[in-house]
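# Topology and contacts: notes
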Amino acid sequence: MSGKALNIGDTFPNFQANTSEGKVDFYDWMGDSWAILFSHPADYTPVCTTELGRVAALIPEFRKRGVKPIALSCDTVESHKGWIEDIKSFAKLDSFDYPIIADDKRELALKLNMLDKDELNAEGIPLTCRAVFIVDEKKKLRLSILYPATTGRNFDEILRVIDSLQLTQTKSVATPADWKQGGNCMVLPTVKAEEVPQLFPSGIETVEVPSGKHYLRITPQP
Ligand code: BEZ
């Protein structure tokens, strides 16, 4: 039986797992940080190797944002340890500074609904898809994305989303299409006109549109 699909805002379930860095209790491991948990179909696979290498290279970027990465793959700790040496070699890394969960029995993959029924291993057992879960310090799920096994993730996009999540949780803005850190933002539709001067003292631009409605309100990133 698979677990219930998680929605944004749900409490992300705690779990205990063996990892390439020893036993982990997810909540204890997170402490007061955010976490990104991202899953992989299997060890020693080409796309996964590029992804894990990319995340290892981006560790300083995740640290800057207070986010701890943890990967999951459906193989054993022993297998992960051997694979990490390949990843380091491929991505030209001196170190690999985050854990890979050993989910060889697919228990977590089932619990977190990460199995891809269309992607089977040689024994016909479903592999995990490329799931991404971003969890905040209160253990709330802030974002989830599912990619098929054949499409590697864009980790610049994942950092961009984290920037948006962290900005919009304290400021009354939302980030528009293709926004990047430092770019213009949209004033939240829930902000009343009379609240604008106090919330946005340097002013906003309201774009005129055929409907005559004043919902396209642009502000420099607060
Ligand atoms: C890969 O990581 O390259 C991969 C894994 C499973 C299916 C397809 C691709």
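Once a new chain begins, its residue numbering starts again from 1 and follows that chain's sequence as written. Residue-level local features of this predicted model are given only where pLDDT is at least 70; pairs of side-chain atoms are given and counted only at 80 or more, and the full residue set underlies all totals for whole chains, interfaces and linings. Excluded from the side-chain calculations are hydrogens and water; all other atoms, namely the structure's heavy atoms, are used.

Under the convention used in this document: UniProt positions are given in the numbering used here, feature names are shortened, and annotations may be inferred rather than shown by experiment.
If you check an unreviewed UniProt entry, the protein appears there as 1-Cys peroxiredoxin from Drosophila kikkawai. The protein has a UniProt comment under Sequence similarities (unreviewed entry) that states "Belongs to the peroxiredoxin family. Prx6 subfamily." In the Catalytic activity (unreviewed entry) part of its UniProt record, the protein is described as follows: "a hydroperoxide + [protein]-dithiol = [protein]-disulfide + an alcohol + H2O".

### Some remarks on the site of the ligand
Rule in force here: Only a single heavy atom is needed: when it lies within 4 Å of a molecule or strand, its residue is near that molecule or strand. Under this definition, polar contacts are N or O atom pairs within 3.5 Å; protein pairs additionally need one hydrogen-donor-capable and one acceptor-capable atom, and for neighbouring residues in sequence, both atoms have to be side-chain atoms. Calculation of accessible area relied on Shrake-Rupley with a 1.4 Å probe; when residues are assessed, cover is drawn exclusively from the protein chains displayed. Put simply, DSSP H or I for four residues or longer makes a helix, DSSP E for two residues or longer makes a strand, and each gets a number counted from the N terminus. Side-chain classes are defined by residue name, with Ala, Val, Leu, Ile, Met, Phe, Trp, Tyr, Cys and Pro counting as nonpolar, Asp, Glu, Lys and Arg as charged, and the others, Gly among them, as polar.
Taken together, the residues surrounding the ligand are Pro-41, Thr-45, Pro-46, Val-47, Cys-48, Glu-119, Arg-130 and Ala-149. Val-47 places a main-chain nitrogen or oxygen 2.7 Å from an oxygen atom of the ligand. When the ligand is considered free in solution it has 260 Å² of accessible area, and contact with the protein chains removes 83% of it. With three residues, the single largest contributor to the shell around the ligand is helix 2 (residues 46–57). Taken together, the residues of the shell around the ligand break down into five nonpolar, one polar and two charged.

### A closer look at the pairing of strand 8 (residues 130–135)
Convention followed: When a residue's accessible area, from a 1.4 Å probe over protein chains only, is under 20% of the maximum for its type it is buried; when over 50% it is exposed; and in between it is partly exposed. What makes two strands pair is DSSP finding at least two bridges between them.
Burial runs high along strand 8: six of the six residues are buried. On strand 8, burial covers both faces: Arg-130, Val-132 and Ile-134 on one face and Ala-131, Phe-133 and Val-135 on the other are all buried. With four bridges joining them, strand 3 (residues 34–40) and strand 8 adopt antiparallel strand pairing. By the bridge assignment for strand 8, Leu-37 is matched with Phe-133. Across six bridges, strand 8 lies against strand 9 (residues 141–147) in antiparallel orientation. Its bridge partner being in strand 9, Phe-133 is matched across the sheet by Ser-144. Connecting strand 8 to the antiparallel partner strand 9 that follows it, the hairpin turn spans five residues, and Lys-139 within it adopts a positive phi of roughly 75°.

### What to know about the sheet that holds strand 10 (residues 173–174)
Strand order in the open sheet formed by four strands is 10-11-13-12, with antiparallel pairing between adjacent strands. Looking at which strands have only one partner, the edges of the open sheet turn out to be strand 10 and strand 12 (205–206). Relative to strand 13 (residues 217–219), strand 12 runs antiparallel, the two being bridged by two bridges. The residue bridging Thr-206 from the neighbouring strand is Arg-217, located in strand 13.

### Considering the UniProt feature "active site" (unreviewed entry) in the protein
Formally: Whether two residues touch is decided by their heavy atoms; if any such pair falls within 4.5 Å, the residues are in contact.
The positions UniProt marks with the feature "active site" (unreviewed entry) are Cys-48. Discounting residues that sit within four places of it in the chain, Cys-48 has contacts with His-40, Pro-41, Ala-42, Trp-83 and Arg-130.

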